[in-house]
Amino acid sequence: MSADEKAQSRCLIGSLIIFIILIIALLITAVILKFSDSHLSALSQNSSNPNYSNSLVPSRPELTTAAGLKPTVAPIEPRNVCESKECITLAHQLHNFRDPTVDPCQDFYQFSCGNYIQHTVVEEPVMVRKNEIFVNLIRGMHSVVCSLRLMISDFLVKKRRTTSNSENAMKTLYDKCEEVKNAEDPTTHEKQKWKEAIDMIKKIGSWPILNKNWKESGFNLNNMLTKMSEFGFEKFGFFEIYANADQYLLISPLQSPMKQKHQPGRFKKTLLHIFKISNIKIDAKQLKSDLKDFEKFEDEIAGYPVNYRREFQTLDQLQKQIPSVNFEKIIRSSMNPKKNKNEFWDKVKDRILITDQPLFFNTTKNLETILKTTPKRTLANFLIFRLIDLMITQPDNYCEEVVLDRLPLASLRVFVRNHFDKENLKIASDLVEDLRQSFKDSFQQSTWLHEETKKKAIEKLEMMRKMIGYPEELEKPGALDKIFETLQISPSDSYHTMHIKIGRFQMEQAMEFVAGSTKILADMRVLWANAAYFFNSNFLGVNALLLDDPMFDSTYPKYAKIASAGRVIGHEIGHGFDPLNRRKDGNGKENDWWTPEDSNEYDKRVQCLVEKYDNFDHPLYGKKFNGTTALREISADVMGNDMAWRTYKRLDMSNEPKIIGFEKESTDKVYFYISALV
Ligand SMILES: [Zn+2]
């Protein structure tokens, strides 16, 4: 330090000391003034209030009249309004979406939501505007799904490895996806993927394209299909096997040709690219001719008629029609090999449904005749081309979406644990019971149903099982880890191998679900913000994501919950009694329990709905609605709205908080304002 710098620093210290002395002097003056202040007594009064130290509300200055008397101030009535963030958003929507220039008695929806339309898209023609609004509404419904994506993303980025199998699987898949996405040289991963894929194809069966000496005698259809099943595929060229949410295993034909998916020549280009990066020499002429045969064959299958009615046959019937395919062997191959396959098969086989399609059940020309008359070379190519098609994927841009899509159950578990308000479960469960009671009351009070029908309807209603939020099984500690024990993916696996292993895991899980050993279907549907009625098992599912705002919040007043989520749930319960499902019993089995007289009356009443809908003259679309097509939905809507209203009327709403800005309005009115928004 130079002499000059030393002098400067001494000068600074001196100034600092003077500054500190000044501050202390000021503080002492302030304290003396404070204690001489006449408001000391007021301070001591306030300090006796235990809430004082935490209160953010400044104390009122004391008022004195000219005569020196304190005026009597009327105590402020506590406002009974809902002040949660979610209620304030709801209040905001109720205020801003309405168009107060319209008379609600003339056009209630315009009054309730008119400004939403005006402020959403302004410049477009009216039809485009309507569509945009619809898209926005759907987006609004799915905002919970977006927040789920963000939450999962945050979780995956920060996550360290733990002892949880399911969480580790999520993290391993996510990290590998990021690694592939951000790779400096993406062809390394691509080469690796197709090398592994071609090795897998060789294990599945001999592929004519790769084998110059390929002979028809080397082709074994059932061996190929069984191997595909072992690798965890659910699509088998001609058909697919999958579990539905009703715990049934379905077999359906696959008829759409690949050309619907690829531009002309695109598939061939991709094949040539795969051969090039895998250093495989092929006979170009032969490939051209094989692809031509393949396309002709695809057209033949696509040309088969399709039955759009929802009808099913049994596995025995299918096996009789198509003896060349061993369906039992294929299904057994996708089961967990550690299980006793016979015992397991016994449980699964009773729950197999075959969609009644001409490709399976046409008596003169069906899959059997196709298999018998098509050259084996074409069949082998067909199976493998379609398999390759399943593996051609676009690069993944959002790895958290890959995790949600491939491991939905593990993702739901993370959502429930880190984000979901558990209080919602009890409230929603009570809401379902309140709605159930309203259905029951309406059956009992019916003026046209006979006692016999009433009794059966109530029986079905009481037998309707429910799942609120997510399967209870997900709550048990370690439950998911037990399920995920069979999924062994490690960071050293390639991205392709991980996807194949997850596919196999999903298939095994689907079989466990059908066999009844788990209540959870590891399927994307667990992440939908919706409720659903499963007619084959008389089962009501209310998803966790529906039980979040904007449809639902634990802080909403009771009438707001009924007007939003309550109507959706009522609609789903209504499906149990809609024209298509009403004859099914409490177990979801077709078993007509209606007296003929009541059945006729039901149909007559439903016909009124159909006519009303057919004659509805929409200002934009005119009389273009078809009541018969929409019958199931409109009847479920009528029941849902009616039952929600009955529930609202039956329950005590007198102490429910008001929505800000609607304190003076009757709750009846606010109920309908909210209904109009949903
Ligand atoms: Zn519906």
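For the protein chain, an unreviewed UniProt entry supplies the name Peptidase M13 N-terminal domain-containing protein and the organism Caenorhabditis brenneri. Per UniProt, the protein chain has the following entry under Cofactor (unreviewed entry): "Zn(2+)".

1. A short note on the packing of aromatic side chains
Across all of its chains, the model carries 32 aromatic pairs by this definition. Ring geometry for F267 against F385: centres 5.7 Å apart, planes inclined by 85°, an arrangement best described as edge-to-face. Residue F267 is found in helix 10 (residues 266-277), and its partner F385 is found in helix 17 (residues 376-391); the two are separated by 118 residues along the sequence. Like F267, the residue F385 is buried in the burial classification. Here the aromatic residues W207, F238, F267, F275, F294, F297, F382 and F385 are joined through ring pairs into a cluster of three or more. If you follow R351 out to its NZ or CZ, it ends over the ring of Y248, 4.2 Å from the centre. The ring centre of W594 lies 4.7 Å from the NZ or CZ of R582, which sits over that ring.

2. Focus on helix 17
Helix length check: helix 17 (16 residues) gives 23 Å between terminal C-alpha atoms against 22 Å at 1.5 Å per residue, within 8%. Of all 16 residues in helix 17, 13 are buried, a share of seventy percent or more.

3. Here we look at the state of the cysteines
Enumeration over the complete set of coordinates arrives at 2 disulfides. Paired by a disulfide, C82 and C87 hold their sulfur atoms 2.1 Å apart. One quick way to see it: the torsion about the S-S bond of C82 and C87 is about 85°, and its sign makes the bridge right-handed. Judged on exposure class, the residue C82 and its partner C87 are both buried. The partner cysteine of C177 in its disulfide is C399, sulfur to sulfur 2.1 Å. Across the disulfide from C177 to C399, rotation about the S-S bond amounts to roughly -80°, and the bridge is consequently left-handed. Placement of the pair is C177 in helix 7 (residues 165-181) and C399 in helix 18 (residues 399-406), with a sequence separation of 222 residues. Owing to a relative accessible area of 0%, C399 belongs among the buried residues under this scheme. Among the cysteines of the protein chain that take part in disulfides, numbered as they appear in the sequence, the pairing is 1-2, 3-4.

4. Topic: the pattern of salt bridges
Throughout the structure, instances matching the rule amount to 32 salt bridges. The partner of K501 in a salt bridge is D493, and the shortest N-O contact between them spans 2.9 Å. Between K584 and E590 there is a salt bridge, with the nearest N and O atoms lying 3.5 Å from each other. For E590, a relative accessible area of 54% gives the class exposed. Salt bridges linked by common partners bring E433, R436 and K466 together as one network.

5. Here we look at the pairing of strand 7 (residues 539-543)
Side-chain positions along a regular strand alternate between the two faces of the sheet. Counting buried residues in strand 7 gives 5 out of 5 residues, a clear majority hidden from the surface. Where burial is concerned, the two faces of strand 7 agree: the one with F539, G541 and N543 and the one with L540 and V542 are both buried. With 5 bridges connecting them, strand 5 (residues 465-469) and strand 7 associate as parallel partners. Bridge assignment links M467 to a residue of strand 7, and that residue is G541. With 4 bridges joining them, strand 6 (residues 531-534) and strand 7 adopt antiparallel strand pairing. Looking across to strand 7, one finds that A531 is bridged to V542. Between the end of strand 6 and the start of strand 7, which pair antiparallel, lie 4 residues, with N538 showing a positive phi angle near 50°.

Each value, and the rule that gives it
- Residues numbered from 1 in each chain as written.
- Predicted model: local features only at pLDDT ≥ 70, side-chain atom pairs only at ≥ 80, totals over all residues.
- Heavy atoms only, no water.
- UniProt positions renumbered as here; feature names shortened; annotations may be inferred.
- Phe/Tyr/Trp six-rings, centres within 6.5 Å; stacked < 30°, edge-to-face > 60°.
- Helix = DSSP H or I, 4+ residues; strand = E, 2+ residues; numbered from the N terminus.
- Buried < 20%, exposed > 50% of the residue type's maximum accessible area, 1.4 Å probe, protein only.
- Lys NZ or Arg CZ within 6 Å of the ring centre and 35° of its normal.
- Expected span 1.5 Å × (residues − 1).
- Disulfide = S-S within 2.5 Å.
- Salt bridge = Lys/Arg side-chain N within 4 Å of Asp/Glu carboxyl O.
- Pairing = 2+ DSSP bridges.

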